[in-house]
Amino acid sequence: MNIYFRTNCNNKIGLGHLSRTVKIAEYFKKKGLNCIFYVDQLKNLGNFKIKFPIFEIKRNYKFRDQARDAKEFLKNIKSSEGYIFLDDYRLGNTWKKIVKKSKFKLIYLSDKIEKEKIADFVVNYKINANEIEKRIKYNEKTKYLLGTKYALIEDQKSNSKNKFAKFNIVLYLGGSGDLKILKNLAHAISAFFKRKRERKILIKVIVGPLMRNSDCL
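Residues numbered from 1 in each chain as written. Predicted model: local features only at pLDDT ≥ 70, side-chain atom pairs only at ≥ 80, totals over all residues. Heavy atoms only, no water.

Peer 1: Requested: an account of the environment of Glu 140, with residues and values cited.
Peer 2: Topologically, Glu 140 is positioned in the loop between β6 (121–124) and β7 (143–146). Judged by relative accessible area, Glu 140 falls into the buried class, the value being 16%. At 3.1 Å, the side chain of Glu 140 forms a polar contact with the side chain of Lys 115. (Helix = DSSP H or I, 4+ residues; strand = E, 2+ residues; numbered from the N terminus. Buried < 20%, exposed > 50% of the residue type's maximum accessible area, 1.4 Å probe, protein only. Polar contact = N/O pair within 3.5 Å; in protein donor to acceptor, adjacent residues only side chain to side chain.)

Peer 1: A description of the packing of aromatic side chains should follow, citing residues and the corresponding values.
Peer 2: Across all of its chains, the model carries ten aromatic pairs by this definition. Between Tyr 38 and Phe 55 the ring centres are 5.7 Å apart and the planes differ by 35°, which places this aromatic pair in the tilted class. Here Phe 55 lies in strand β3 (residues 54–56) and Tyr 38 lies in strand β2 (residues 34–39), a separation of 17 residues in the sequence. Residue classification places Phe 55 among the partly exposed residues on the basis of a relative accessible area of 41%. What links up through ring pairs into an aromatic cluster is the set Phe 5, Tyr 27, Phe 28, Phe 37, Phe 52 and Phe 85. The side chain of Lys 29 reaches across the aromatic face of Phe 52, ending 5.5 Å from its centre. In this arrangement the basic side chain of Lys 96 is found over the ring face of Tyr 108, its NZ or CZ atom lying 3.5 Å from the centre. (Phe/Tyr/Trp six-rings, centres within 6.5 Å; stacked < 30°, edge-to-face > 60°. Lys NZ or Arg CZ within 6 Å of the ring centre and 35° of its normal.)

Peer 1: How would you sum up empty space enclosed by the protein? Please name residues and give values.
Peer 2: Rolled over the atoms, a probe as big as a water molecule pinpoints where empty space is left. Here the structure, examined in full by the defined rule, presents one cavity of 30 Å³ or more. Put simply, the largest cavity is a space of about 40 Å³. Lining the largest cavity, in full, are Tyr 108, Ser 110, Lys 112, Glu 114, Lys 115, Glu 116, Val 122 and Ile 132. Of the residues assigned to the lining of the largest cavity, the class counts are three nonpolar, one polar and four charged. (1 Å grid on protein atoms, 1.4 Å probe; cavity = no way out; pocket = protein on both sides within 12 Å on 5 of 7 lines; lining within 4 Å. Points joined across faces, edges and corners; volume = space filled by probe spheres on them. Nonpolar A, V, L, I, M, F, W, Y, C, P; charged D, E, K, R; others polar.)

Peer 1: Kindly report on the sheet that holds strand β1 (residues 2–7), identifying the contributing residues and their values.
Peer 2: A sheet is described by the order of its strands in space; here seven strands give the open sequence β3-β2-β1-β4-β5-β6-β7, paired in parallel fashion. At either end of the open sheet lies a strand with only one pairing partner, and these are β3 and β7. Strand-to-strand, the axes of this sheet are offset by a mean angle of 20°, without reference to chain direction. Examined bridge by bridge, β1 and β2 share five bridges and lie parallel to one another. Residue Tyr 4 lies in a different strand from β2, and its bridge partner there is Ile 36. (Pairing = 2+ DSSP bridges. Axes fitted to C-alpha atoms, helices over the stretch in contact; angles between N-to-C directions.)

Peer 1: Could you give an account of helix α1 (residues 16–30), with specific residues and numbers?
Peer 2: Here α1 spans 22 Å end to end across 15 residues, near enough to the 21 Å set by a 1.5 Å rise per residue. Among the residues of α1, those classed as buried are His 17, Leu 18, Arg 20, Thr 21, Val 22, Ile 24 and Ala 25. Residues of α1 that are buried sit in contact with β1, β2, β4 (83–87) and β5 (105–109). Phi turns positive, to about 85°, at Gly 32, one or two residues after α1. (Expected span 1.5 Å × (residues − 1). Contact = heavy atoms within 4.5 Å.)

Peer 1: Outline the layout of surface pockets, listing residues and values.
Peer 2: Its boundaries defined by the atoms lining it, the largest pocket holds a volume of some 580 Å³. Taken together, 20 residues line the largest pocket, and the ones lying closest to its centre are Lys 23, Ile 24, Tyr 27, Phe 28 and Leu 152. At six residues, α1 tops the list of elements feeding residues into the lining of the largest pocket. Taken together, the residues that form the lining of the largest pocket break down as 15 nonpolar, no polar and five charged.

Peer 1: Break down the nonpolar core for me, with residues and values.
Peer 2: Among the nonpolar cores identified, the biggest contains 21 residues, and Phe 5, Leu 18, Phe 37, Ile 50, Phe 52 and Phe 85 are the most heavily contacted of them. The set of elements that each furnish at least two residues to this core consists of β1, α1, β2 and β5. Ranked by the residues each element gives to this core, the list is headed by α1, at four residues. Residues in contact with Phe 85, not counting those within four places in the same chain, are Ile 3, Tyr 4, Phe 5, Arg 6, Ile 24, Phe 28, Ile 107 and Leu 109. Residues Ile 57, Tyr 61, Ile 84 and Leu 86 belong to the second largest nonpolar core, which totals 18 residues. (Core = buried A, V, L, I, M, F, W, Y, C linked by side-chain atoms within 4.5 Å.)

What follows is the structure in structure tokens.
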């Protein structure tokens, strides 16, 4: 069975939508399912690499409206069944209605605190997502996965025995943004601790794949 992901990334919205759907795909891959991604333009990925088939909705594609996007997306799908994950703020009920006319099950990754009317499943792991339960009935056709227990966070065991020679400060803007912001912040932090005559400080700057002005470091 195939699982299709409609999402997007660029230097404005960052990599959040793509990275969280990739985590979902990695889980399904372990179950033996095929995962396929569709984005606007592959060049927007920058140097971010994923280990799944990923395609453009259409060559030189530029988003115009939901209806056109939904039709172009469905043209790319060869099979007649499977699941579709939607994680894109631009695509709402108009897009969902067109896709739902097919035989595919639709899963919607949402950050909104509102009742869903079209998708088969809604995944919302915000801390206040359970507020949606006040607006739905127990026999809703849409199934809801709500709350932080569905957060896509990898299990990591910390090693409390680690001892660092210096106090670490990590600066990170996410997948995209302007690195000049972090450069200026790093300088300000460094100057502050120098005035305090504190030398055991290590400032680490993480450069996201879509960051601008990375050469300023």
